[in-house]
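A structural walkthrough
Residue-level listing of the chains:
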Amino acid sequence: MIDVAVIGAGTAGLTAAIYARRAGASVAIFEGAAPGGQIINTPEIANFPALPGVSGFEYANKLYEQAQALGAEFVFDTVKKVTGDVNSGFKLMCEYGTECEAKTVIIGSGVKRREMGLAGEQEYAGRGISYCATCDGAFFKGKTVAVFGGGNTAVEDATYLAKICKKVYIIHRRNEFRADRALVEEMLEHDNVETKLSFTVSAIHGDAKLTGVTLTSVDGHDELLETDALFVAIGLIPENGAFRDLVELDDAGYIIADESCETSAPGVFAAGDCRTKEVRQLVTAAADGAIAAIAASRLSRNV
Ligand code: NDP
């Protein structure tokens with residue numbers, strides 16, 4: 001039986017693995033995709049203390065190597081269900097049949113990008129609609145593109161695209177951006193960025209590829225925006241469905257945990273963006289990982 005099973009190899013999960021290994025616990029870390037989490041697609045991390053300018057990929061890779069070097073065992077499979085309790089032990093069951101028994105569990109399942117829910121969204125995904133500017137931006141070099149959203153992701157995407165595309169529209173439903181002011185100012189330094197504030201995307205148009213979108217303003221009028229691509233960055237949603245029967249979730253689906261990252265189920269901890277919290281940042285995900293791992297390692301010695 002493993003001392004600490006970590007679910008998710010993003011910043012929270014990898015940091016938890018590092019701390020738990022350093023505390024002497026045996027660690028298995030489960031990841032259904034590439035290790036690193038969301039940050040992997042950020043071109044430049046501007047706000048992690050003492051690491052200005054490092055790329056998300058470089059950062060994530062170092063974190064992964066650090067956890068690996070300390071002896072965390074990586075299992076590339078998605079955890080679909082967790083049963084049991086702290087007295088008898090937990091059992092993790094994965095998509096492709098992997099099973100694992102663990103004394104304690106740290107959930108660092110993160111979040112995924114919210115979709116628009118419009119007709120044609122799935123059909124045009126990969127044919128003009130994208131959820132990752134750094135992954136797909138290069139396909140639209142020299143073309144006209146649009147970004148939908150007003151948070152840090154959308155504004156960073158627009159800045160990134162402004163450097164390679166002819167024209168970038170940024171569409172946001174309110175008349176002011178949610179993103180940090182410094183990021184907005186940096187984006188607006190690019191002459192080829194045009195803001196479409198107080199608009200939402202209400203329809204998608206195309207033939208074989210996306211050709212445009214309908215924008216609807218807050219006062220109800222529609223306009224057609226011709227664009228070769230739409231990068232959707234309208235926020236994040238938690239991926240905690242697999243833990244619904246194990247721990248208490250809030251109304252939005254985030255795991256409720258206290259400041260020591262403990263959930264409603266003793267022996268189960270939640271770390272990073274997947275839990276109810278005010279500030280979802282790399283630095284707070286890393287902090288959660290450390291806090292959860294120290295508590296889980298200590299508990300695993302006593303059960
Ligand atoms: P956010 O939740 O911060 O922003 C989402 C944006 O999408 C908001 O502007 C919101 O509008 C809008 N939105 C939400 N739902 C809809 C909808 N249904 N239709 C239209 N628009 C919608 O998400 P992000 O992905 O931008 O960022 C997530 C977290 O990651 C944040 O904490 C952010 O600070 C952090 N981050 C930090 C970075 C950095 O520091 N360099 C880089 C990237 C992300 P409204 O404002 O009206 O609510």
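Description of the structure in this document. (Residues numbered from 1 in each chain as written. Predicted model: local features only at pLDDT ≥ 70, side-chain atom pairs only at ≥ 80, totals over all residues. Heavy atoms only, no water.)

1. Considering the side chain of D3
For D3, the location among the structural elements is in strand 1 (residues 2-7). A polar contact is formed between the side chain of D3 and the backbone nitrogen of S26, at a distance of 2.9 Å. Within polar-contact distance, the side chain of D3 engages the side chain of K103 at 3.4 Å. When near neighbours in sequence (up to four residues on either side) are disregarded, D3 contacts G24, A25, S26, K103, T104 and S300. (Helix = DSSP H or I, 4+ residues; strand = E, 2+ residues; numbered from the N terminus. Polar contact = N/O pair within 3.5 Å; in protein donor to acceptor, adjacent residues only side chain to side chain. Contact = heavy atoms within 4.5 Å.)

2. Details of a negative patch on the surface
Taken together, the side chains of E44, E185, E186 and E189 make up a negatively charged region of the molecular surface. Locating E185 in the fold gives a position in helix 5 (residues 181-188). (Patch = residues over 30% accessible without salt bridge, like charges linked within 9 Å, V, L, I, M, F, W, Y side chains within 5 Å. Areas by Shrake-Rupley, 256 points an atom, 1.4 Å probe, with all protein chains shown as cover. Salt bridge = Lys/Arg side-chain N within 4 Å of Asp/Glu carboxyl O. Lys, Arg positive; Asp, Glu negative; His and termini not counted. Charge placed at Lys NZ, Arg CZ, Asp CG, Glu CD.)

3. Section: the sheet that holds strand 10 (residues 167-172)
Taken in spatial order, the five strands make up an open sheet running 8-15-9-10-11, and their pairing is parallel. Of all the strands in the sheet, the pair left with one neighbour each is strand 8 (129-130) and strand 11 (193-197). Pairing geometry for strand 9 (residues 144-148) and strand 10, over five bridges, is parallel. By the bridge assignment for strand 10, F148 is matched with I171. (Pairing = 2+ DSSP bridges.)

4. Quick look at the site of the ligand
Around the ligand there are 18 residues in total, and N47, T153, E156, R174 and R178 lie nearest to it. N152 has a polar side-chain atom sitting 2.9 Å from an oxygen atom of the ligand. Note that an oxygen atom of the ligand is positioned 3.0 Å from one of the backbone N or O atoms of R280. In the complex, the protein chains occlude 78% of the 910 Å² of accessible area that the ligand would expose alone. Counting residues per element, the shell around the ligand draws most heavily on helix 4 (residues 152-162), at three residues. Partitioning the shell around the ligand into residue classes produces four nonpolar, eight polar and six charged. Inspection of the shell around the ligand shows a minimum of three residues originating in each of domain 1 (2-112 + 236-300) and domain 2 (115-232). (Near = heavy atom within 4 Å. Nonpolar A, V, L, I, M, F, W, Y, C, P; charged D, E, K, R; others polar. Domains from an automatic or database assignment.)

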